[in-house]
Amino acid sequence: QVQLVESGGGLVQAGGSLRLSCVASGRTFSRDAMGWFRQDPGKEREFAAAISWRGGGTRYADSVKGRFTISRDNAKSIYLQMNNLKPEDTAIYYCAIGRDLLTVAAGRSDYWGQGTQVTVSS
């Protein structure tokens, strides 16, 4: 089993910044990548960003490229620095973990967190 706990969501004005964190614990040794997805009520969950532990490779959705930065530390935690936030970034943000970068980016993660709400006001 793997547990993922997100934090850092909140309310911010358009143009502002937030930093999300996700801590993984449990049987993470066979899983090389983690990422962030988001979902607005009434819409499908969409990919935002992912990162590989071994090589540090990253992937971003076009909608967040240049504004969001995903990073990791040595303790199985990842972060999502979100700058120049827009009202359309409003969503619940979920952390995910999986076998590799492509698997996570494709939405085929093994485990998901409970999510953290991000609200951007105009």
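The structure presented is a predicted model; accordingly, all values stated were derived computationally and were not measured.

Focus on the environment of Tyr94
Here is step 1 of the chain: Structurally, Tyr94 is set in strand β9 (residues 91–98).
Here is step 2 of the chain: Counting along the chain gives 73 residues from Tyr94 to Ser21, while the straight-line C-alpha distance between them is 10 Å.

Here's the deal with the nonpolar core
Here is step 1 of the chain: Formed by 35 residues in total, the largest nonpolar core has its most connected members in Leu4, Met34, Trp36, Ile78, Leu80, Met82 and Tyr93.
Here is step 2 of the chain: Beyond its immediate chain neighbours, meaning those up to four positions away, Leu80 contacts Leu18, Arg19, Leu20, Trp36, Ala49, Phe68, Thr69, Ile70 and Tyr93.

Focus: the state of the cysteines
Here is step 1 of the chain: Throughout the structure, instances matching the rule amount to one disulfide.
Here is step 2 of the chain: Disulfide pairing places Cys22 opposite Cys95 at an S-S distance of 2.0 Å. Across the disulfide from Cys22 to Cys95, rotation about the S-S bond amounts to roughly -85°, and the bridge is consequently left-handed. With Cys22 in strand β3 (residues 18–26) and Cys95 in strand β9, the pair connects residues that are 73 residues apart, well separated along the chain.
Here is step 3 of the chain: Under the relative-accessibility criterion, Cys22 is labelled buried at 0%.

Regarding the sheet that holds strand β7 (residues 68–72)
Here is step 1 of the chain: Ordered in space as β1-β3-β8-β7, the four strands form an open sheet in which the pairing is antiparallel. If you trace the sheet from one side to the other, it starts and ends with β1 (2–7) and β7, each paired once. Taking the axes of each pair of neighbouring strands and ignoring which way they run, one obtains an average angle of 15° across the sheet.
Here is step 2 of the chain: Here six bridges tie β3 to strand β8 (residues 77–82), and the two strands are oriented antiparallel to one another.

So, how was this worked out
- Every chain's residues receive numbers from 1 upward, in the order its sequence appears when written.
- In view of the model being predicted, local features appear only for residues whose pLDDT reaches at least 70, and side-chain atom pairs are presented and counted only at 80 or more, with totals across whole chains, interfaces and linings using the full set of residues.
- Note that water and hydrogens are dropped before the side-chain values are worked out from all heavy atoms of the structure.
- Each helix is a run of H or I in the DSSP string that is no shorter than four residues. Each strand is a run of E no shorter than two, and both are numbered from the N terminus.
- Among buried residues, the Ala, Val, Leu, Ile, Met, Phe, Trp, Tyr and Cys ones that are joined through side-chain atoms within 4.5 Å form a nonpolar core.
- Type-normalised accessible area, obtained with a 1.4 Å probe on protein chains alone, sets the label of each residue: buried when under 20%, exposed when over 50%, and partly exposed for intermediate values.
- Throughout, a residue-residue contact means that at least one pair of heavy atoms, one from each residue, lies within 4.5 Å.
- Cysteine sulfur atoms that pair up within 2.5 Å are treated as a disulfide.
- At least two bridges found by DSSP between two strands is the condition for calling them paired.
- Note on geometry: axes are C-alpha line fits, over the in-contact stretch for helices, and angles between N-to-C directions span 0 to 180 degrees.

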